[in-house]
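# Residue-level structure breakdown
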Amino acid sequence: MKREDYISDEAVVKRVNEAVRIELEKKKAMDVPIIIYDKESQIIYQENSDGSRVEVGRRMRKERYSERVAKKA
């Protein structure tokens, strides 16, 4: 495959976002709850198809995996 035949990064991101949107709509139509992570509050929620949210858990660690490994070494 030639370099000209590749799709751009913007097109890949657009396709991924659309695939996620379709999957979320499908789960909502099938009345299946979805899991959402809120970056600001660092809380994991289960969101039901009616829009209600239930807290499932909280983030346990604040640093990245590579930072935790570097501390041990």
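Attention in this report is confined to the structure presented alongside it.

### Comments concerning the overall build of the chain
When you go through the chain residue by residue, the secondary structure sums to 2 helices and 3 strands. Written out in order from the N terminus, the α and β elements of the chain read α-β-β-β-α. Whereas a compact globule of 73 residues would reach a radius of gyration of roughly 11 Å, the chain reaches 18 Å, over 25% beyond that. If you line up the chain on its principal axes, its C-alpha atoms span 50 × 45 × 15 Å.

### Re the environment of Glu47
Looking at the secondary structure, you find Glu47 in strand S2 (residues 43-47). Along the sequence, Glu47 and Lys28 sit 19 residues apart, while their C-alpha atoms lie 9.5 Å from each other. In this view, Glu47 contacts Pro33, Ile34, Ile36, Ser52 and Arg53; residues no more than four positions away in its chain are not counted. Only 3.3 Å separates the side chain of Glu47 from the side chain of Arg53, close enough to count as a polar contact.

Cut-offs applied
- Residues numbered from 1 in each chain as written.
- Predicted model: local features only at pLDDT ≥ 70, side-chain atom pairs only at ≥ 80, totals over all residues.
- Heavy atoms only, no water.
- Helix = DSSP H or I, 4+ residues; strand = E, 2+ residues; numbered from the N terminus.
- Rg over C-alpha atoms; globule rule 2.2 N^0.38 Å.
- Contact = heavy atoms within 4.5 Å.
- Polar contact = N/O pair within 3.5 Å; in protein donor to acceptor, adjacent residues only side chain to side chain.

Such coordinate-based values are descriptive only and should not be taken to indicate function.
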